[in-house]
Structures are given as structure tokens and as C-alpha cells.
Amino acid sequence: TQLLEQSPQFLSIQEGENLTVYCNSSSVFSSLQWYRQEPGEGPVLLVTVVTGGEVKKLKRLTFQFGDARKDSSLHITAAQPGDTGLYLCAGKSNTGNQFYFGTGTSLTVIP
Amino acid sequence: GAGVSQSPRYKVAKRGQDVALRCDPISGHVSLFWYQQALGQGPEFLTYFQNEAQLDKSGLPSDRFFAERPEGSVSTLKIQRTQQEDSAVYLCASRGFRQGTGGDYEQYFGPGTRLTVT
């Protein structure tokens, strides 16, 4: 059972297009992280957001944490083939050290 | 400067066999996590260690799963009497502070062990 639902589950777009991935939960998290995972490798951390309403930018990637700290979004501008991968959000439990991962969004950027 | 390593990378086991999966965390990292990841899905938490103490094992799916970290560094996840539903990638992560990503403690993941039970 995963507490965080991501949408869409699969996304295939052309190079240069923009996209948004959503991460939703009914639970409140003390912080939320976004990871990217490539086949045969472990997830790699992209960013951590901590404050409700926080927006962080990492080059072409924009991350937003919802005001209530229950949801988040990842927006990619002008997607490139190198952005292809499985994007995962992960919320940190308020009561412990556990991270709950989302269901994942598989992104394919076609050259 | 080595990252988290896991061995073996691939394991095929016959149903009913016992398996042991090894994780070598980043030196000095106190926290260590084990996750189970089904194909195309997000990792699911199994268990958490702080040094040699197993502080949370709430995610272990059954009593066939056992994890240890006797000296607070290397950890082993053991699965007894494997079943087909145990087939998955098992990820290990150790945690330490990383600046530049928001100030939180980052989990560094190993490449995983892909277990196939036939």
C-alpha cells in the first residue's frame, strides 16, 4: 500500500514539450522529495521541499509543495531525451524516519 | 568515494530456497534502509536501522523476511523459503547530509538486487 499517488503513471512526449507530474496524498508530510530512477539503478535525489507552498527550481525543473504539505508537483520545461526515467516522489513521515514513496511516473522523451 | 553497493546484482532462486542479499552502505552513514520495488512501481519500505539497532521493521511482509546489521555497517536481508511473490528489486539506501538539495538528509541508494523466484 502506497500513500502517495502519482499521475500520470506513464507519459510519452516529444522533445521540447512541457510536462507536469503530480503527487497526491491524504496524509501530511514533514518534507517531500523527488527522485529520478533509471533502469538498473537506484533512485537519485533531485530535490527536497520542506515548507508548505514552497517552490524550488533546478534548471528546467520546477518543484512545488502544496500549502497543506499533502501534495506536490514537478514541472519540466522543454523536455530532453536525457530526462527519460522513472520519477518518484517520497514523503517523510511526521512520526519517524520512514519515507513513503509514490507509485511512480514513467517518462519517455522522444527525440 | 564509493557509493552504496549491493550484491549480488541478480539472484535467481527456486521456490522454497533461502536467499541472502548484502548491502554495503557509504562509510560513516548511520542510517540504513531496505526497500522492495516491483517493476514500474515506487519502492516500498521494509526496515530501518540506526547503527546496529533495527528501529523499524514494520514493512517486512512476513516472518520469512529478516534483516540484520550486526556491526552497524554492512547489512544483510535474508528471505527464507522464497515464494514467487517475493520476486522484486530489493534496494538498500544509506543516509547522510547533503547540501544543495534542500538541507535534508539524503538517502543514497544502491543499484539494487533483482530477485527472481522460479
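Residues numbered from 1 in each chain as written. Chains lettered and ligands numbered in written order. Predicted model: local features only at pLDDT ≥ 70, side-chain atom pairs only at ≥ 80, totals over all residues. Heavy atoms only, no water.

Draft legend 1. Structural view of the overall build of chain B. When helices and strands are tallied, chain B shows zero helices and 11 strands. Along chain B, helices and strands appear, N-terminal first, in the series β-β-β-β-β-β-β-β-β-β-β. In terms of C-alpha radius of gyration, chain B reaches 14 Å, essentially the compact-globule figure of 13 Å for 118 residues. Along the first, second and third principal axes, the C-alpha set of chain B runs to 45 × 30 × 25 Å. Within chain B, the fraction of its 118 residues that count as buried is 45%. For chain B, contacts bridging at least 24 residues in sequence account for 52% of all contacts bridging at least 6. Surface summary for chain B: the accessible area is close to 5800 Å², and the carbon and sulfur share equals 46%. Measuring between centres, the 13 positive side-chain charges of chain B sit 7 Å from its 12 negative side-chain charges. (Helix = DSSP H or I, 4+ residues; strand = E, 2+ residues; numbered from the N terminus. Rg over C-alpha atoms; globule rule 2.2 N^0.38 Å. Buried < 20%, exposed > 50% of the residue type's maximum accessible area, 1.4 Å probe, protein only. Contact = heavy atoms within 4.5 Å. Areas by Shrake-Rupley, 256 points an atom, 1.4 Å probe, with all protein chains shown as cover. Lys, Arg positive; Asp, Glu negative; His and termini not counted. Charge placed at Lys NZ, Arg CZ, Asp CG, Glu CD.)

Draft legend 2. Spatial organisation of the interface of chain A and chain B. In this complex, chain A contributes 25 residues to the contact, which on the side of chain B involves 25 residues. Between chain A and chain B, roughly 1900 Å² of surface is buried when both sides are summed, and carbon and sulfur atoms account for 45% of that area. It is A:Leu45, A:Asn97 and A:Gln98 in chain A that bury the most area against chain B; as a group they hold 25% of the surface buried on that side. Connecting chain A to chain B are zero salt bridges. At the junction of chain A and chain B, the tally comes to five residue pairs in polar contact (both at pLDDT 80 or more). (Buried area = accessible area lost by both parts, 1.4 Å probe. Salt bridge = Lys/Arg side-chain N within 4 Å of Asp/Glu carboxyl O. Polar contact = N/O pair within 3.5 Å; in protein donor to acceptor, adjacent residues only side chain to side chain.)

Draft legend 3. Up close: the sheet that holds strand β1 (residues 5-7) of chain B. Residues and elements named next belong to chain B. Reading across the sheet, the four strands line up as β1-β3-β8-β7 and stay open at both edges, with antiparallel pairing between neighbours. Two strands in the sheet have a free side with no partner beyond their single neighbour: β1 and β7 (65-68). Across the sheet, the mean angle from the axis of one strand to that of its neighbour is 15 degrees, orientation sign disregarded. Direction of pairing for strand β3 (residues 19-24) relative to strand β8 (residues 75-79): antiparallel, over a ladder of five bridges. Across the sheet, residue Cys-23 finds its bridge partner in β8, namely Ser-75. (Pairing = 2+ DSSP bridges. Axes fitted to C-alpha atoms, helices over the stretch in contact; angles between N-to-C directions.)

Draft legend 4. A look at the pairing of strand β11 (residues 105-110) of chain A. Residues and elements named next belong to chain A. With burial as the criterion, only one face of β11 is covered, namely that bearing Thr-105, Leu-107 and Val-109; the residues Ser-106, Thr-108 and Ile-110 on the opposite face remain uncovered. Sheet topology places strand β2 (residues 10-14) next to β11; five bridges connect them, and they run parallel. Paired with Gln-14 across the two strands is Ile-110, which belongs to β11.

Draft legend 5. Spotlight on the state of the cysteines. All names here are of chain A. Evaluation of the coordinates by the stated rule reveals two disulfides over all chains. A sulfur-sulfur separation of 2.1 Å characterises the disulfide bridge that pairs Cys-23 with Cys-89. Where Cys-23 bonds to Cys-89 through sulfur, the torsion about that S-S bond is close to 80 degrees, and the disulfide is right-handed. In this pair, Cys-23 is assigned in strand β3 (residues 19-24) and Cys-89 in strand β9 (residues 85-92), connecting sequence segments 66 residues apart. Looking at Cys-23, the relative accessible area reads 0%, which means it is buried. (Disulfide = S-S within 2.5 Å.)

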